[in-house]
Amino acid sequence: MGTEKNRADLLPGTLDMLVLKILMSGHLHGYAIAQLIQQLSGDLLRVEEGSLYPALQRLELNGWIEGEWGISANNRRARFYKLTPDGRKHLAGESARYRQVTGAVARIMGFA
Amino acid sequence: MRAGTRWKRFRRRLRYWLDHGERQRLLWEEMEFHIESMAQDLIAEGFSEREARAAARRKFGNMTQKSEEARSTWIARWMSDLAQDLRHAFRGMRRDAGFTAFTVLIAGLGIGASSTVFSLVNTVLLRPLPFRDPGRLVWISNGENWTIQAEHYSDLRESNRSFSDLAGWSGYYRTGDKELTGIGEPERITSVPVTGNLFALLGVEPAIGRPFTAEECQGRYSAPAAMVLSYNFWRRRFASDPSVVGRKLMLNNQPATVVGVLPASFDFAGIFSPGASIDAFIPWPLNDKNKPGGNTMPVIGRLKPGATLQGAQAEFTTLAKQLESQHPERNGIDPRLVPLAQRVSGGVRPALFVLTCAVGVVMLIVCANLSNLQLARLGGRQKEMALRAALGAGRSRLLRQMLTESVALSCCGAVLGLALAAAGTSGLAHFHSFNLPLLESVRIDGSALLFTLLAAVACGMLFGLLPALRVTMRSLNEGMQDGSRGSSGGKRHGWVRDGLVVSELAFACILLVGAGLLIRSFLRVLDVNLGFQPERAAALRIDPSFRISSLAQQNSFIDDVLNRARSAPGIVAAGITDVLPLRDDRSFAVAAKGQVYEKGHQPEGFIRIVSDGYFDAAGVPLRQGREFTERDRASSELVAVVNDTLARTLWPGQNPLGQAITINVGHRVMSVVGVVADVRHAALETAAGSELYMPMRQTGDYAAMQLVVRTALPPDSLAAGIRTALRPIDPNLPVREFVKFQDLVDRAVSPRRFLVLLLAGFAAFALILASLGIYAVISFSVSQRVQEIGIRMALGASATDLQRRIVLRTLALAALGLALGMAGSRVLSRALSSLLFGITAGDPVTFVEVGALLIAVAAIAGYIPAWKASRIDPMVALRSN
């Protein structure tokens, strides 16, 4: 049994990392997460709903986030996710790794 | 990932899975919320509500698929696929009821046979003997087959260091040795004298009561003070009444107290004397000088912890040499040590091995047959598969679906098989008269269930794999284009099916040859010259219930019995013997008087004490001289009759009549008055040894009196007449033991009969399957080529021509299968050698007969579709598509 990986992503694990990062700012439901990623990336990254929900399930299964039911701004039942201590740790590790990889890629490509 | 995290995740996954219904509903709700939010945003941007919702749904896509993808993080995909495949499989089964029924039946028969044989092998060979720590128990024989003298046993027990203890029993007990009186009907029971420590050594505790005390083991041989009942006897005779323990009963008019009842698991007879029934155990006083002397004792030892069999063997060889030099007056001793389990089941190992292989071959034929059937059936489902593939089902997914179907089918077969195996094993367990060890404890247990399950899965995989591979391979490239029914499905397809049929025939041929060889051996065994005539002969144990104190008293009893028996209606001849052929035996050293033999080359002779009339009654032909007569009495000259072998051994090339012969017990000298034929006394397969007959009227040294009668009527009708005739002599005479000689013969050949029956059954099943297989393939190929046949006939091909072509094709397949099967049989039949009798493993008659049978069956199987093909109306055939 290995860590669940997202099969459809171009950069594997990126979506997971983004979701975790977004959740640093507080409790959010799935739709809000997708919206925030889109906004913060300046409309460059669009999260496919088809990969978002499997990603949430996976993160929850790994114990990095926890979902609980609450009431949304428009007064409907929605599932809010929050980061767990484990998730925080995992995010730190992932972002360090990601920085290394993108740095290396950038050096090769001559961007730096 | 750390183990703790992994474990937490596993628990979470399990929890999700356990309430996956609820979780799925919540996931759905969450996604609905997402769509709703999306729609709200769109409305805010100015879309109408209807448009907004439609757009949101469109954008979100297929919700079912999304939720399935999300769900797949916690439910393994294969589980939901499996459930789906199973539903599919069962739907398919219902649709194709004929195919399903046939498959379940065939697989069930195959699996049932396998499980039955497995249970048998498991009980006899694999499962440990029902004793404490049976791996440390050792059988100690004297030479290959003989038993040990009690005095040697006592000395060995004292002086050896390898065994924690030795125990034994008297191999000298006879069926119906003791007459049980003092409670209900008098009855002759079979009791085994045992050393007091036997039960403790085996680790068997009486179910009720206690084993023998040391005191009880010091009594008189002829009057045991105590007895322990076997479980079966206790149940049958005393209706499982526990209060019988402590009661005093009479054994041969001597009081004996029942001190215990052995547990049901202690099947002494089933292990040490298969086919017999033992009613009770009595203590065997080794110190009693009046017990029968000589090599009478089978011995068992329990190895000390740390001691090895090799070490013990070396020690016993040394000890035996010392004993022989210290006690030249005793019989020789040559201890051979083998593990007890090997001794008990070693004899049937080859037969069970053959059965196991045979059932394996049957399973292969079953699989080949079902594979073929499945192939034909799936031909029709080619398009379904192609459609699925086109809709995105992966090849491995299709493969899995097909395998699920076949495994499900074979599991249904296994249910039937299990029922058959349960019936089969309980049938086996009730063959009391079968001379096979442990047969009574054969049953379906946990390991047999596990085996059945594995067999079912393996069978399903095996027969499903080939069709599954074929179908999925085809579906991806050609399936959809395969428009017309008439196209024959490609050359390769035909090859696979032909190959399966050829292998079926080859396997069936191997089984038939094996069964044929064994059947022919069996017939040879039945044809053997026994040296006596079992038909219309029967024996009744008639030891008087009073004690015989003198030879004169004994002889008047004999006179009385014989006169009355001979005058009973329907009796042609009557005589008395102490041992029955194929059941009891004992041997002494014998010598031509005055001849000195080297030590170790002393001739052994089987001793029979018989009265006048015995040879006539048993049907043993006289070769030379005369029989015993009433005039051979205690006062007259001591006489003897020898068999051919003994005459040849002691006096090669001389006339045995009038020669003097001695035996090592009592050192009596007798004059040979007659020569009779050799009697196969040990087994039908083994030639008679030397036999020495002594007249009963001249000796009291015998353990039983068996009245043997020959009759003009069927022996069954005799019992009552004999009883009436003998009642005046002894009103208490029990007559339970009325033994037909034919039963003795049947029991002696029962293991062989058992093997032959099973193997012949398997071979017949294989033959039926193979002929069905060849029939199916030929008629399938005919049905695929209806148009071609129509054209041929329209162009003038005659019906005979057509038939000949089809039959020839069938015969070509059969010939190929036969050639392979014969070659295989030639190699494999050598494994049967030890079970054959009177023929060799390459017996040409068997091979030719099997070949002819298979060709004939194949010709019939091919002729039926050929005949049908020739009736095809060309016009109908051409129009049909």
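What you see is a predicted model; the values in this text were computed from it and never measured.

Cut-offs applied
Residues numbered from 1 in each chain as written. Chains lettered and ligands numbered in written order. Predicted model: local features only at pLDDT ≥ 70, side-chain atom pairs only at ≥ 80, totals over all residues. Helix = DSSP H or I, 4+ residues; strand = E, 2+ residues; numbered from the N terminus. Contact = placed C-beta atoms within 7 Å. Rg over C-alpha atoms; globule rule 2.2 N^0.38 Å. Buried ≥ 20, exposed ≤ 12 C-beta atoms within 10 Å, placed from the backbone. Pairing = 2+ DSSP bridges. Axes fitted to C-alpha atoms, helices over the stretch in contact; angles between N-to-C directions. Parallel < 35°, antiparallel > 145°, perpendicular 65-115°, else oblique. Left-handed = near helix turned anticlockwise from the far one by under 90°. Nonpolar A, V, L, I, M, F, W, Y, C, P; charged D, E, K, R; others polar. Arc of directions from axis to C-beta. Expected span 1.5 Å × (residues − 1). pLDDT = per-residue confidence, 0-100. Core = buried A, V, L, I, M, F, W, Y, C linked by C-beta atoms within 7 Å.

With respect to the overall build of chain A
A count of helical and extended segments in chain A gives four helices and three strands. When the helices and strands of chain A are listed from N to C terminus, the series reads α-β-α-α-β-β-α. Considering only intrachain contacts with a sequence separation of at least 6, the fraction spanning at least 24 residues in chain A is 47%.

Brief notes about the overall build of chain B
From N to C terminus, chain B includes 27 helices and 25 strands. In terms of overall dimensions, chain B is more spread out than a globule: its C-alpha atoms have a radius of gyration of 38 Å, far above the 29 Å expected for 881 residues. Overall, the C-alpha framework of chain B stretches about 135 × 80 × 55 Å when taken along its three principal axes. Taken across its 881 residues, chain B has 44% of its residues classed as buried. Pairs at least 24 apart in sequence give 85% of the contacts found in chain B among residues at least 6 apart.

Some remarks on the sheet that holds strand 14 (residues 335-339) of chain B
All names here are of chain B. In spatial order, the strands read 3-13-1-14; together these four strands make up an open sheet with antiparallel pairing. With partners counted over all chains shown, the strands left at the sheet margins are strand 3 (163-168) and strand 14, one partner each. This sheet shows a mean twist of 30° between the axes of neighbouring strands, independent of strand direction. Sheet strands touched by helix 11 (residues 309-326): strand 1 (137-142), strand 3, strand 13 (299-303) and strand 14. Its angle to strand 14, the strand with the most contacts, is close to 165°.

Notes on the packing of helix 25 (residues 799-828) of chain B against helix 26 (residues 844-870) of chain B
In a pair of packed helices, the angle between the axes and the distance between the axes together describe the arrangement. Residues and elements named next belong to chain B. Remark: helix 25 packs on helix 26, axes separated minimally by 8 Å, with the N-to-C direction vectors making an angle of 150°. Taken together, the axes of helix 25 and helix 26 are roughly antiparallel relative to one another. Regarding helix 25 and helix 26, the two cross each other, and that crossing is right-handed. Looking at the contact of helix 25 with helix 26, its residues break down into 19 nonpolar, five polar and no charged.

Regarding the environment of Ile189(B)
All names here are of chain B. Structurally, isoleucine 189 is set in strand 5 (residues 187-189). Classification of isoleucine 189 as buried rests on a count of 24 C-beta atoms within 10 Å. Leaving out residues up to four positions away in the same chain, isoleucine 189 has contacts with Gly176, Lys178, Leu180, Asp279 and Ala280.

Here we look at the environment of Ala719(B)
Residue and element names in this part refer to chain B. In this structure, alanine 719 sits in helix 21 (residues 718-726). A tally of 14 C-beta atoms within 10 Å means that alanine 719 is categorised as partly exposed. As for alanine 719 and phenylalanine 738, which are separated by 19 residues in sequence, their C-alpha atoms are 6.9 Å apart.

What about the sheet that holds strand 1 (residues 28-29) of chain A?
Residues and elements named next belong to chain A. Spatially, the three strands line up as an open sheet ordered 1-3-2, and their pairing is antiparallel. Every other strand in the sheet has two partners, leaving strand 1 and strand 2 (65-71) as the edge strands with one partner each. Examined bridge by bridge, strand 2 and strand 3 (residues 77-83) share seven bridges and lie antiparallel to one another. Directly across from tryptophan 69, in strand 3, lies its bridge partner arginine 79.

Topic: helix 7 (residues 150-159) of chain B
Residue and element names in this part refer to chain B. Within helix 7 the residues assigned to the buried category are Ala150, His152, Tyr153 and Leu156. Projected down its long axis, helix 7 carries its buried residues within an arc of 150°, all on one side. In this structure, helix 7 carries Glu158 and Ser159 as exposed residues pointing more than 90 degrees from its buried face. Elements that come into contact with the buried residues of helix 7 comprise strand 2 (148-149), strand 3, strand 12 (295-297), strand 13 and helix 11.

Overview of the interface of chain B and chain A
Of the residues lining the interface, 22 residues belong to chain B; the matching set on chain A comes to 19 residues. Counting residues per element, the ones that place at least two in the side of chain B that touches chain A are helix 1 (3-18), helix 2 (20-44) and helix 4 (63-71) of chain B.

Comments concerning helix 11 of chain B
All names here are of chain B. Along its 18 residues, helix 11 runs 25 Å from first to last C-alpha, staying within 8% of the 26 Å computed at 1.5 Å per residue. Regarding helix 11, the residues found buried are Ala312, Phe316, Leu319 and Leu323. Down the axis, helix 11 shows its buried residues gathered within 70° of arc, on one side only. Seen from the buried face of helix 11, the exposed residues on the opposite side, beyond 90 degrees, are Gln310, Thr318, Lys321, Gln322 and Ser325.

So, the confidence of the model for chain B
All names here are of chain B. Confidence in the prediction for chain B averages 84 pLDDT; 94% of positions are at 70 or higher. Under a pLDDT of 50 for its full length, residues 482-489 has, in the predicted model, ten contacts with residues more than four places off or in other chains. Two numbers describe this predicted complex: its pTM, 0.74, and its ipTM, 0.82.

Description of the packing of helix 23 (residues 750-784) of chain B against helix 25 of chain B
All names here are of chain B. At their nearest, the axes of helix 23 and helix 25 sit 11 Å apart, and the two run at 140° to each other. Between helix 23 and helix 25, the angle is such that the two are oblique. The two elements helix 23 and helix 25 cross, and the hand of that crossing is right-handed. Residue-level contacts link Ile774, Ile778 and Val782 of helix 23 to Ile806, Thr810, Leu813 and Ala814 of helix 25. Of the residues assigned to the contact of helix 23 with helix 25, the class counts are six nonpolar, one polar and no charged.

Observations concerning the environment of Trp139(B)
Residue and element names in this part refer to chain B. Note on placement: tryptophan 139 falls in strand 1. Between the C-alpha atom of tryptophan 139 and that of valine 338, which follows or precedes it by 199 residues, the distance is 5.3 Å. Those residues in contact with tryptophan 139 that lie beyond four places of it in its chain are Ile300, Val338, Leu340 and Arg343.

Quick word on the nonpolar core
All names here are of chain B. By size, the foremost hydrophobic cluster in this structure holds 172 residues, and its most contacted members are Ile365, Leu505, Leu511, Ala766 and Ile774. Excluding anything up to four places from it in sequence, isoleucine 365 contacts Glu504, Phe507, Ala508, Ala766, Leu769 and Ala770. Ranked by size, the runner-up nonpolar core spans 64 residues in total, among them Tyr614, Ile661, Val708 and Phe741.

What about unusual backbone geometry?
Residue and element names in this part refer to chain B. Although it is not a glycine, serine 240 adopts a positive phi angle of roughly 55°. Here serine 240 is to be found in the loop between helix 9 (231-238) and strand 9 (248-251). Of note in the backbone geometry, arginine 536 takes a positive phi value of approximately 60° without being a glycine. Assignment of secondary structure puts arginine 536 in the loop between helix 17 (491-527) and strand 15 (537-541). Judged by C-beta crowding, with 20 C-beta atoms within 10 Å, arginine 536 ranks as buried.

Observations regarding the pairing of strand 17 (residues 587-592) of chain B
Residues and elements named next belong to chain B. Alignment of strand 17 against strand 18 (residues 604-610), held across three bridges, turns out to be antiparallel. Residue pairing across strands places serine 587 opposite phenylalanine 606, the latter belonging to strand 18. Pairing analysis gives three bridges linking strand 17 to strand 21 (residues 660-663), with the strands arranged antiparallel. Considered in strand 21, the bridge of valine 590 is made with isoleucine 663.

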